[in-house]
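Survey of secondary and tertiary structure
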Amino acid sequence: ASFDVKDDAPSAVEYLLGALGSCLVMGLQIRASRRNVEIEQVEISLNGKIDNIFVFLGAETEGHSGFKAITGEAYAKSDADPEILEQLWSETLAASPVLNTLAHKAAVSIGIQAV
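Residues numbered from 1 in each chain as written. Predicted model: local features only at pLDDT ≥ 70, side-chain atom pairs only at ≥ 80, totals over all residues. Heavy atoms only, no water.

**Some remarks on a negative patch on the surface**
The grouping of E73, D81, E83 and E86 at the surface amounts to a negative patch. Mapping E73 onto the fold places it in strand β2 (residues 67-78). The exposure class assigned to E73 is partly exposed, which follows from its relative accessible area of 45%. (Patch = residues over 30% accessible without salt bridge, like charges linked within 9 Å, V, L, I, M, F, W, Y side chains within 5 Å. Areas by Shrake-Rupley, 256 points an atom, 1.4 Å probe, with all protein chains shown as cover. Salt bridge = Lys/Arg side-chain N within 4 Å of Asp/Glu carboxyl O. Lys, Arg positive; Asp, Glu negative; His and termini not counted. Charge placed at Lys NZ, Arg CZ, Asp CG, Glu CD. Helix = DSSP H or I, 4+ residues; strand = E, 2+ residues; numbered from the N terminus. Buried < 20%, exposed > 50% of the residue type's maximum accessible area, 1.4 Å probe, protein only.)

In structure tokens, the structure reads:
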């Protein structure tokens, strides 16, 4: 993948947003199912703002190349009371392994071996 806006392949950061969205939608569906709440359709839209992409490209050193903000909205079609959906959503956000990894800054240690 590239940073060309016409590139059809997702970039690594787009995959990250996709993983987050997938985790949240699945988590909501799991919690709804356990409470016998039918969700007919669910869609999530996520946006990320990179702090400074030029750090990744090696052109600058100020800031970092990761997301500084991720925002979004989930849309659920259900006959359930909106308060129930809000509760299920809060539980989903609290339990999401992908969201928790991002929010709590996992310790990462990745080396390299010459082979």
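**Focus on a nonpolar patch on the surface**
Together, L16, I70 and L102 give the surface a local cluster of nonpolar side chains, amounting to about 190 Å² of exposed area. By secondary structure assignment, the location of I70 is in strand β2.

**Topic: the confidence of the model for the protein**
Mean pLDDT over the protein: 92, with 96% of residues reaching 70 or higher. Looking over the protein, one finds the lowest element-wise mean pLDDT in helix α2 (residues 53-56), namely 88, and the highest in helix α3 (residues 82-95), namely 97. (pLDDT = per-residue confidence, 0-100.)

**So, the side chain of S96**
Along the polypeptide, S96 turns up in the loop between α3 and α4 (97-103). For S96, a relative accessible area of 3% corresponds to the buried category. Residues contacting S96, with those up to four places away along its chain left out, are C23 and L24. (Contact = heavy atoms within 4.5 Å.)

**Here we look at α3**
Compared with the 20 Å implied by 1.5 Å per residue over 14 residues, the 20 Å span of α3 between its first and last C-alpha is a close match. Here α3 has its buried residues at L85, L88, W89 and T92. Considered in projection along α3, the buried side chains sweep an arc of 100° and stay on one side of the axis. Exposed residues on α3 whose side chains face more than 90 degrees from its buried face are E83, E86 and A94. The N-terminus of α3 is capped by D81, whose side-chain oxygen sits 2.8 Å from the backbone nitrogen of E83. (Expected span 1.5 Å × (residues − 1). Arc of directions from axis to C-beta. Polar contact = N/O pair within 3.5 Å; in protein donor to acceptor, adjacent residues only side chain to side chain.)

**Concerning the nonpolar core**
One finds L20, L24, L28, A32, V37, I39, L85, L88 and W89 forming the largest nonpolar core, which totals 9 residues. Take this core: its biggest share by element is 4 residues, from helix α1 (residues 12-34). Setting aside chain neighbours within four positions, we find L20 in contact with L46, I70, V98, L99 and L102. (Core = buried A, V, L, I, M, F, W, Y, C linked by side-chain atoms within 4.5 Å.)

**Regarding unusual backbone geometry**
Residue N36 is not a glycine yet carries a positive backbone phi of 55°. Looking at the element boundaries, N36 is found in the loop between α1 and β1 (39-50). On the accessibility criterion, N36 (74% relative accessible area) is exposed. Of note, the phi angle at K105 is positive, near 50°, even though the residue is not glycine. Among the secondary structure elements, K105 is positioned in the segment after α4. Given the relative accessible area of 71%, K105 is considered exposed.

**Things to note about the packing of α1 against α3**
Running from amino to carboxyl end, α1 crosses α3 at an angle of 125°, the nearest separation of the two axes being 9 Å. Taken together, the axes of α1 and α3 lie oblique to each other. By crossing handedness, the relation of α1 to α3 is classed as right-handed. Of α3, the residues touching α1 (which contributes L24, G27, L28, R31 and A32) are L88, W89, E91, T92, L93 and A95. Its residues assigned to classes, the contact of α1 with α3 comprises 7 nonpolar, 2 polar and 2 charged. (Axes fitted to C-alpha atoms, helices over the stretch in contact; angles between N-to-C directions. Parallel < 35°, antiparallel > 145°, perpendicular 65-115°, else oblique. Left-handed = near helix turned anticlockwise from the far one by under 90°. Nonpolar A, V, L, I, M, F, W, Y, C, P; charged D, E, K, R; others polar.)

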